[in-house]
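# Tertiary structure, described
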Amino acid sequence: MVGTDTDFVHFLARPDDAELPAMQAKVDTLLRANPDIDLMMVMDRAGTALVASDAKVSGRNFAFRDYFRRAMQGQPNVTGIIVGTITGAAGMFYAHPVFDAAPAGGQPAVIGAVVLRIRGAAFDAILGEVKHEARLTPFMVDGDGILIYHSNRSVLYSSLGPLPPAKLAEIRADQRFKRNDIVNLDMPDLARAMVGAQAPGHISYRSTVLNSEQ
């Protein structure tokens, strides 16, 4: 809905500083209506946030982010947990391409993107509901086997097993976790079971975080 909003389409088709206050007001209103969203950006085709709900983000360029590159290919994109390069806040990004009106007989062109970041705390709260059970240690990993939620904050953004060099280079380039090195927690059995899993299941393994059998 936000990515096809006519106000954003018209603004990105012909950016005008005179329209910035109205665009800012619209962004702020949408944010207030959705408490789980903590950032919204309207980005031009170069990756610059022309309008953002956070003043520190306005005017900054995020062309290096994978979610923006995919949006500019005309593909809506949903990320795993990413750490913001400016604010340091963790969240899940939703990026949707904004298309210009198609010329007669032609295809619409991508003229920018609207990006939303869902608060990481929204996912923390869900997993935190099981903390009352002392025998359980809830955690969450992304598709690459990197811890994105754990009660032990010191192991966040560490990997369950070694990452392939190409994947590590991709993470560095995207600055997904705002760091260049990913610590390997050396739990290959757990990594093999979880990365690429197609169905629910269970596994016995030794936790290097809790130093016990799980």
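Definitions and limits used
Each chain has its residues counted from 1, following the order in which its sequence is written. Two thresholds apply to this predicted model, a pLDDT of at least 70 for residue-level local features and 80 or more for giving and counting side-chain atom pairs, whereas whole-chain, interface and lining totals are computed over all residues. The basis for every side-chain value is the complete set of non-hydrogen atoms in the structure, without hydrogens or water. Relative accessibility under 20% of the residue-type maximum defines a buried residue, over 50% an exposed one, and the middle range a partly exposed one, all with a 1.4 Å probe and only protein chains included. Helix and strand definitions follow DSSP, with helices as H or I runs of at least four residues and strands as E runs of at least two, each counted in order from the N terminus. An arc is given here, and it is the one of the directions from the helix axis to the C-beta atoms. Two strands make a pair as long as DSSP finds a minimum of two bridges between them. In this analysis, axes come from line fits to C-alpha atoms, helices being fitted only over the stretch in contact, and the angle between any two N-to-C directions falls in the range 0 to 180 degrees. Each Phe, Tyr or Trp ring (for Trp, its six-membered ring) is paired with any other whose centre lies within 6.5 Å, and the angle between the two planes then decides the class: stacked below 30 degrees, edge-to-face above 60, tilted in between. Any two residues whose heavy atoms approach within 4.5 Å at even a single point are treated as in contact. Per-residue confidence from the predictor is reported as pLDDT, a score between 0 and 100. Within this scheme a cavity is a closed region of a 1 Å grid, computed over the protein atoms alone, that accommodates a 1.4 Å probe without allowing it to escape, whereas a pocket is open but has protein on both sides within 12 Å along at least five of seven lines; lining residues each have an atom within 4 Å of a point. Grid points are joined across faces, edges and corners, and a volume is the space filled by probe spheres set on the points.

The subject of this paragraph is helix α5 (residues 165-174). The α-helix winds at 3.6 residues per turn, so residues separated by three or four positions along the chain end up facing the same way. Buried within α5 we find Leu 168, Ile 171 and Asp 174. For α5, the arc enclosing every buried residue in end-on projection is 135 degrees, short of the 170-degree limit, so these residues lie on one face. Within α5, the exposed residues directed more than 90 degrees away from the buried face are Pro 165, Ala 166 and Ala 173. Of the residues flanking the end of α5, it is Gln 175, one or two places downstream, whose phi is positive at about 50 degrees.

Let us look at the sheet that holds strand β4 (residues 90-99). Strand order in this open sheet of 5 strands is β2-β1-β5-β4-β3, and the pairing throughout is antiparallel. Of all the strands in the sheet, just β2 (49-52) and β3 (77-83) have a single pairing partner and so form its edges. The average angle at which neighbouring strand axes cross in this sheet is 25 degrees, direction not considered. Here strand β1 (residues 37-44) pairs with β2 via 3 bridges, running antiparallel. Bridged to Met 43 within β2 is Ala 49.

Another point: the packing of aromatic side chains. This structure, assessed with the given rule, holds 3 aromatic pairs. With centroids separated by 4.8 Å and ring planes inclined at 10 degrees, the aromatic side chains of Tyr 67 and Phe 93 adopt a geometry described as stacked. Taken together, the residues span a long stretch of sequence, with Tyr 67 in helix α3 (residues 66-72) and Phe 93 in strand β4 at a distance of 26 residues.

Looking at the secondary structure, you find Ile 82 in strand β3. For Ile 82, a relative accessible area of 4% puts it in the buried group. Linking Ile 82 and Gly 120, residues 38 residues apart in sequence, is a C-alpha distance of 8.7 Å. Every residue in contact with Ile 82, bar those within four places of it in the chain, is listed here: Arg 65, Tyr 67, Ala 89, Ala 90, Gly 91, Phe 93, Asp 174 and Arg 176.

Here the chain averages 84 in pLDDT, and 91% of its residues register 70 or above. At the low end of the mean pLDDT range in the chain sits strand β9 (residues 212-213), at 60; at the high end sits β2, at 94.

With that out of the way, let us pick up unusual backbone geometry. In this structure, Tyr 157 is a non-glycine residue whose phi angle is positive, near 65 degrees. A residue is classified by how much of its surface remains accessible, and Tyr 157, at 11% relative accessible area, is buried. The backbone of Asp 186 sits at a positive phi, close to 60 degrees, despite the residue not being glycine. Of note, Asp 186 is situated in the loop between α5 and α6 (188-194).

This next bit is on empty space enclosed by the protein. Under the defined criterion, the tally for this structure stands at 1 cavity of 30 Å³ or more. By volume, the largest cavity amounts to about 60 Å³. Around the largest cavity, the lining residues are Leu 39, Met 41, Val 57, Phe 62, Arg 65, Tyr 67, Gly 84, Thr 85, Ile 86, Thr 87, Phe 93 and Arg 117.

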